[in-house]
Amino acid sequence: MHRMLSTAAIAMALLATGGSRAFAAPESMIPADYSLVWADEFDKDGLPDDSKWAYDTEHNRGGWFNNEKQYYADHRAENARVDNGNLIIEARADAAAIANLPDWGKQQYSSARLRTLGKASWTYGAVEVRAKLPCGVGTWPAIWMLADDKQTPWPDSGEIDIMEHVGYDPGKVHFSLHTKNANFILHTESTAAKTVATACTEMHRYQLRWTPTLIIMGVDDQRGFSLKRPSLKRADWPFDGPFHLLLNIAIGGDWGGVKGISPDAFPARMEVDYVRVYQKPGS
């Protein structure tokens, strides 16, 4: 399992190699006064822990959003499992194997969409997910958050995209927020991107810091996105209630499928070393 170097250790390494200010240690995205409140270290092989994760399958029969092409499986080890200390979310081109499942919607690809809805949710704090991404053309992995509020329609309820990546543009990691007034349908979403050249060959730490007035996202303690609360209107800032986490690989769709879906992409894996959530005591 990955262990972070302390700031002091990084500083000593810089001194040892003649490091300059250009290589100064980054500021931690996890504030020092925050405490770990929830985590999955994926240290037990088998299916994901049912006490922490649920499977989102509700749109299999009718088809998923954004014209995506995947079927999201429920408790199917081929698509979601813990192996050797990592969660594996795997998308597969295996229509024949899923065709007899009761909610199959004629999709040609299977995958998994795990979420903590009904298990755990948070208002404010910091999230860190250490993961390696798939890069096949047609893949669309994401680490993100949605509001628990099911009475308010999307995007009014808000969406926090800690990491999105489309396989036809490898190594470009996207961070976005969606609200009633700022969303991708209107082409007004708050978004930014950062190049992570080894996103598909190495583990990286995808991070969120979320307060009542500010959302920051980044990779490996390097900021890639920040937005101050623009107003007190819920249409501008719905991020003041409980949100849950989601991990998934979508296939194709309006963004992920812009350049088609390559047969060579499968099986496509997102490997997750850990998921950790922190909050400031008393918040």
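In this report, we go over the structure that sits alongside the text. For every chain, the first residue of its written sequence is number 1, and the numbers climb from 1 along that sequence. At least 70 in pLDDT is required for a residue's local features to be given in this predicted model, at least 80 for side-chain atom pairs to be given and counted, and no such filter applies to totals for whole chains, interfaces and linings, which use all residues. The side-chain figures draw on all heavy atoms in the structure; neither hydrogens nor water molecules are used.

Moving on: the environment of Y71. Where helices and strands are cited, they refer to DSSP runs of H or I of at least four residues and of E of at least two residues respectively, numbered from the N terminus. Inspection of the secondary structure puts Y71 in strand β3 (residues 70-72). The contact definition used throughout considers only heavy atoms, calling two residues in contact when any of these lie within 4.5 Å. Every residue in contact with Y71, bar those within four places of it in the chain, is listed here: N60, I98, L101, D103, W104, G105, Q107, Y109, S110 and S111. The term polar contact refers here to a pair of N or O atoms within 3.5 Å; inside protein, the definition further demands a hydrogen-donor-capable atom paired with an acceptor-capable atom, and it admits residues adjacent in sequence only when both atoms are side-chain atoms. A polar contact of 2.5 Å, which involves the side chain of Y71, links it to the side chain of D103.

Residues enter a patch when their relative accessible area is above 30% and they make no salt bridge; the linking distance is 9 Å between like charges and 5 Å between nonpolar side chains (Val, Leu, Ile, Met, Phe, Trp, Tyr). In short, Shrake-Rupley with a 1.4 Å probe defines the accessible areas, and a residue's cover is counted only from the protein chains shown. A carboxyl oxygen of Asp or Glu within 4 Å of a side-chain nitrogen of Lys or Arg is what we treat as a salt bridge. A grouping of W154, F184, I185 and L186 is seen on the molecular surface, where their side chains present a nonpolar patch of about 370 Å² in accessible area. Tracing the backbone through its elements, the reader meets I185 in the loop between β11 (172-178) and β12 (190-195). Relative accessibility under 20% of the residue-type maximum defines a buried residue, over 50% an exposed one, and the middle range a partly exposed one, all with a 1.4 Å probe and only protein chains included. When its relative accessible area of 52% is taken as the criterion, I185 is described as exposed.

Turning to the sheet that holds β11, a few remarks are in order. The criterion for strand pairing is that DSSP finds at least two bridges linking the strands in question. Pairing within the open sheet is antiparallel, and its seven strands lie in the order β2-β7-β16-β9-β10-β11-β12. On the outer flanks of this sheet lie β2 (54-55) and β12, each paired with one strand and no other. Two strands pair when backbone bridges link them, and β2 and strand β7 (residues 113-115) are joined in this way by two bridges, in the antiparallel orientation. Each residue of the ladder has a partner; that of A54, found in β7, is R115.

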